[in-house]
Amino acid sequence: MRLLVTGRSGQVAQSLAEAAGGDISVVALGRPELDITDRDSVARTIAAHRPDLVVSAGAYTAVDKAESEPEAAFAANRDGAGNVAAAAAEAGLPVIHLSTDYVFSGDAAGAYREDDPTGPQGVYGRSKLEGEAAVLAANPQAAVFRTAWVYSPFGHNFARTMLRLAAERDVLRVVADQRGTPTYAPDIAAGIFAAARLILANPGDKRLAGVFHLVAEGETDWAGFAEEILRQSALRGGPSARVERIATSDYPTPAKRPANSRLDTQKFRDTFGHVPPDWRNGASRCLDRLVGPTA
Ligand SMILES: NC(=O)c1ccc[n+]([C@@H]2O[C@H](COP(=O)([O-])OP(=O)(O)OC[C@H]3O[C@@H](n4cnc5c(N)ncnc54)[C@H](OP(=O)(O)O)[C@@H]3O)[C@@H](O)[C@H]2O)c1
């Protein structure tokens, strides 16, 4: 199968490109040749590459900056997402679009299911929620995968930040009152490949369209994630530090974040027959790459 991925340098896009092989080919494209805010650019790119399915992973992901740049966030996350889904639809292609736990308020007690009420707390979450609607309206073969707490060997992410800071400081202060599931980008790529295979084998199957939650198994809080990264780093002779558990109120940010980011993945697992691994397993594979293998 041939996948065209938007957002070449992104964590998920790079993970998809890296995992391609065998009967899976991946072309990941980004700016300047593919700008999702330019509908013609998207249509031209799809026509030139003739993929079987489009993965919409390009997005404005600067959560705090979005508060002061709402136009840019909505241009990419709502209008750009809609452009990609519509251009795919015009070419008769299904689209898998990535969205986020930030569409929820975080006030619920348990893990969020796909049809639970949304309630984004900031510009980024609102722009992604409107993007979901744009995608679903533009393409009858659209699957929206909400994921969360993405990290990888690439780009800016929490795991890399913790390792960098641990090399500089003895104590890291990390919020302990936001719960969710760290999700290793290559595990999102594996879920996308499994889903894409099924979607392409069953064209027009409505059960494979709509919103799904795709995160790793298990849950923790940011401090727990930091502790696991640093524990695994120490096992590999890498940097380590003590984690001081703090409250969100001790670490103010421009964008408010959900206290509960937990996503229920039952629908994804039942529909696509794919079970993502536990988050600690992903952390271990990420640390193998960022620090090195265990002795
Ligand atoms: N990171 C997370 O924790 C997280 C959590 C939940 C959901 N998600 C969602 O998962 C998806 C992938 O996230 P990620 O972490 O892989 O993102 P990322 O590493 O921040 O990469 C985003 C990519 O989108 C590209 N992009 C931005 N605007 C574009 C435009 N107008 N045209 C083309 N490409 C554009 C960026 O390119 P430039 O390099 O040129 O800026 C970048 O390559 C996104 O939809 C995100 O909203 C992420």
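Placed above this text is the structure.
Predicted model only: the values in this text are computed from it and were never measured.

Criteria and cut-off values
Starting from 1, residues in each chain are numbered consecutively following that chain's sequence as written. Per-residue local features of the predicted model are confined to residues with pLDDT of at least 70, and side-chain atom pairs are confined, for both listing and counting, to 80 or more; whole-chain, interface and lining totals are unaffected and use all residues. Here the side-chain values reflect all heavy atoms present in the structure, with hydrogen atoms and water set aside. In this scheme, strands are said to pair when DSSP sees at least two bridges between them. The helix count covers DSSP runs of H or I at least four residues long, the strand count covers runs of E at least two residues long, and both are numbered beginning at the N terminus. To obtain an axis, a line is fitted to C-alpha atoms, over the contacting stretch when the element is a helix, and the angle between two such axes runs from 0 to 180 degrees between their N-to-C directions. Should any heavy atoms of two residues lie within 4.5 Å, those residues are considered in contact. Paired rings are identified among Phe, Tyr and Trp, the last through its six-membered ring, by centres lying within 6.5 Å, and are further divided according to the angle between planes into stacked (under 30 degrees), edge-to-face (over 60) and tilted (the rest). Only protein chains enter the accessibility calculation, which uses a 1.4 Å probe; a residue whose area is less than 20% of its type maximum is buried, one above 50% is exposed, and one in between is partly exposed. Residues are counted as near a molecule or strand when any one of their heavy atoms sits within 4 Å of it. Any pair of nitrogen or oxygen atoms within 3.5 Å is treated as a polar contact; in protein, a donor-acceptor pairing is required on top of that, and neighbouring residues in sequence qualify only through side-chain atoms on both sides. Working definition of accessibility: Shrake-Rupley area with a 1.4 Å probe, residue cover restricted to the visible protein chains. The classification used treats Ala, Val, Leu, Ile, Met, Phe, Trp, Tyr, Cys and Pro as nonpolar, Asp, Glu, Lys and Arg as charged, and all other residues, Gly among them, as polar. Under the convention used throughout, the expected extent of a helix is 1.5 Å for every residue step, that is, one less than its residue count. Taking the helix axis as origin, the arc is that swept by the directions to the C-beta atoms. Nonpolar cores were defined as sets of buried Ala, Val, Leu, Ile, Met, Phe, Trp, Tyr and Cys residues, with membership established by side-chain atoms within 4.5 Å.

Some points on the sheet that holds strand β5 (residues 142–147)
Strand order in the open sheet made by the six strands is β2-β1-β3-β4-β5-β10, with parallel pairing throughout. Of all the strands in the sheet, just β2 (25–29) and β10 (210–213) have a single pairing partner and so form its edges. Averaged over all neighbouring strand pairs, the angle between strand axes comes to 25°, with direction disregarded. Relative to strand β3 (residues 53–56), strand β1 (residues 2–6) runs parallel, the two sharing four bridges. Its bridge partner being in β3, T6 is matched across the sheet by S56. Helix α4 (residues 123–138) contacts β4 (95–100), β5 and β10 of the sheet and is inclined by roughly 160° relative to β4.

Section: the packing of aromatic side chains
Tallied over the full model, the rule gives 14 aromatic pairs. A centroid spacing of 5.8 Å and a plane angle of 85° characterise the contact between Y102 and Y124, whose relative ring orientation is edge-to-face. One end of the pair, Y102, is in the loop between β4 and α4; the other, Y124, is in helix α4, with 22 residues separating them in the sequence. This pair shows no difference in class: Y102 is buried, exactly as Y124 is.

Details of the environment of A47
Mapped onto the elements of the fold, A47 is located in helix α2 (residues 39–49). Along the sequence, A47 and A91 sit 44 residues apart, while their C-alpha atoms lie 7.8 Å from each other.

Things to note about the site of the ligand
The local shell around the ligand holds 24 residues, among which S9, R31, T61, Y124 and K128 are the closest. Note that an oxygen atom of the ligand is positioned 2.9 Å from one of the backbone N or O atoms of V12. Here an oxygen atom of the ligand sits 2.7 Å away from a polar atom, N or O, in the side chain of R31. Protein chains bury 81% of the 900 Å² of accessible surface belonging to the ligand in isolation. Going through the elements one at a time, α1 (11–19), β4 and α4 are the ones with two or more residues in the shell around the ligand. At three residues, β4 tops the list of elements feeding residues into the shell around the ligand. In terms of residue class, the shell around the ligand is made up of ten nonpolar, ten polar and four charged.

Some thoughts on unusual backbone geometry
The step from R31 to P32 runs through a cis peptide bond, and the omega angle for that step is 5°. Position of P32 relative to the elements: it lies in the loop between β2 and α2. Positive phi, close to 45°, is recorded for R50, a residue that is not glycine. Topologically, R50 is positioned in the loop between α2 and β3. At W149, a residue that is not glycine, the phi angle is positive and equals roughly 45°.

Examining helix α9 (residues 279–290)
With twelve residues, α9 ought to run about 16 Å at 1.5 Å a step, and its terminal C-alpha atoms sit 16 Å apart, in line with that. Considered for burial, the residues of α9 that qualify are W279, G282, A283, C286 and L287. An end-on view of α9 places all buried positions within 135° of arc, on one side of the element. Residues of α9 that are buried make contact with β6 (150–151), α5 (158–166), β9 (183–184), α6 (185–201), β11 (220–221) and α7 (222–235). Between the side-chain oxygen at the start of α9 and the backbone nitrogen of R280 there is a gap of 2.9 Å, and the oxygen is on D278. Phi turns positive one or two residues past the end of α9, at G292, with a value near 135°.

Some details on the nonpolar core
What tends to happen in soluble globular proteins is that the nonpolar side chains get buried as a cluster. F158, M162, L172, V174 and I229 are the most contacted members of the largest nonpolar core, which totals 32 residues. Among all residues touching V174, those that are not within four sequence positions of it are F158, M162, W222, A223, A226, V243, E244, R245 and I246.

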